[in-house]
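# Structural characterization, general
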Amino acid sequence: YKPSVSPEMDIMEYCRKEWRGNTPVAKRMRKGYEAVAQKFASIRRIRGDNYCAFRATLFQALSQATQVPRWLQSEDFTMLPENLLSKYDWIKQWQLRQKPGKKMGEISDEIKEYLILLRKKWKNISEIKDPLEKQEACDKLFKNEEEEYSLYEALKFLMLHTAIELYNADKSGRRVPVFSWLLFARDTSSNPCQLMHNHLNHIGHSGGLEQVEMFLLGYALQYTIQVYRLYKYGTDEFITLYPNDPEEDWPVVTLITEDDRHYNIPVRMCQETML
């Protein structure tokens, strides 16, 4: 079993180990890591298994959580699966992460359990005041494979719900963020049903999150996901925000990627940055 989130390591030490050569790519990566090191002292590697965008985002969100997001507190949050299934029969084809030996119950019951777990974990961790204890609680949660993957299932369902809301808003002439048009402009996801079949059902199995789905994830969580895209060092896209026009009061989590496929996390903000 590989750890989901490896212990922290000095960012520049990590960079020197990974990018030794003198190729243009290695030089650009080193420059990118140097820029990140102006703000953060360490890096933690995230296990890569097509869930790494979820893992990195959720780990960062929980490790700095001081309160439970509004959407997570709402009464009808845990009723989402029932409510959506009553309107959209095709959601029955949602692919749950297979659990060996466990009979598949009603899909809405399973997903409801995951949503309840997400709320419970978020609440428990956000109530921990001591930073060290909070970090330990996060590390412990991300060592529990069963719980960890259940949380990703909850995030995926939340993305589906958000996509349905955006799609319906656009159809009824309301304003939607630009990424929503891009999401439904793809041949493979021209509506939420296709998005589920061709994309969400595959996340964690045969693929990770595409960029436009990173926008959807940030929007669903009401978090700004700030990503250092190292291979874009020296361009406008070096630091990209998902979504790119977030609400001002959304919390920010920071990730690092070398290729838009795998994500790691920077930790320990440098003192002067915090001031």
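Note that the structure is a prediction, hence the values are computed from the model and not measured.

Judged by nonpolar contacts, the single largest core of 73 residues is most densely connected at Leu118 and Trp122. Those residues in contact with Trp122, other than ones at most four positions away along the chain, are Leu58, Ala61, Leu62, Ala65, Gln67, Val68, Pro69, Trp71, Leu72 and Tyr223. Residues Met12, Tyr14, Val36 and Phe238 belong to the second largest nonpolar core, which totals 13 residues.

Pairing between side chains of opposite charge can happen when the charged atoms of each approach one another. Tallying each qualifying case throughout the model produces 15 salt bridges. With a closest N to O distance of 2.7 Å, Asp260 and Arg229 form a salt bridge. Here Asp260, found in the loop between strand S5 (252-257) and strand S6 (263-269), pairs with Arg229, found in strand S3 (residues 224-229); they are 31 residues apart in sequence, far enough to count as distant. A residue is classified by how much of its surface remains accessible, and Arg229, at 2% relative accessible area, is buried.

Mapped onto the present numbering, the UniProt feature "site: Linear diubiquitin binding" (unreviewed entry) falls at Glu237. If sequence neighbours within four positions are ignored, Glu237 has contacts with Arg229 and Lys232.

The contact between helix H1 (residues 11-18) and helix H2 (residues 24-37) brings their axes to 9 Å, and the two run at 170 degrees. If you check the angle between H1 and H2, you find them roughly antiparallel. Here Ile11, Met12, Tyr14 and Cys15 of H1 lie close against H2, whose contacting residues are Arg30, Tyr33, Glu34, Val36 and Ala37. A breakdown of the residues in the contact of H1 with H2 according to their chemical character gives 7 nonpolar, no polar and 2 charged.

Thresholds applied
Residues numbered from 1 in each chain as written. Predicted model: local features only at pLDDT ≥ 70, side-chain atom pairs only at ≥ 80, totals over all residues. Heavy atoms only, no water. Core = buried A, V, L, I, M, F, W, Y, C linked by side-chain atoms within 4.5 Å. Buried < 20%, exposed > 50% of the residue type's maximum accessible area, 1.4 Å probe, protein only. Contact = heavy atoms within 4.5 Å. Salt bridge = Lys/Arg side-chain N within 4 Å of Asp/Glu carboxyl O. Helix = DSSP H or I, 4+ residues; strand = E, 2+ residues; numbered from the N terminus. UniProt positions renumbered as here; feature names shortened; annotations may be inferred. Axes fitted to C-alpha atoms, helices over the stretch in contact; angles between N-to-C directions. Parallel < 35°, antiparallel > 145°, perpendicular 65-115°, else oblique. Nonpolar A, V, L, I, M, F, W, Y, C, P; charged D, E, K, R; others polar.

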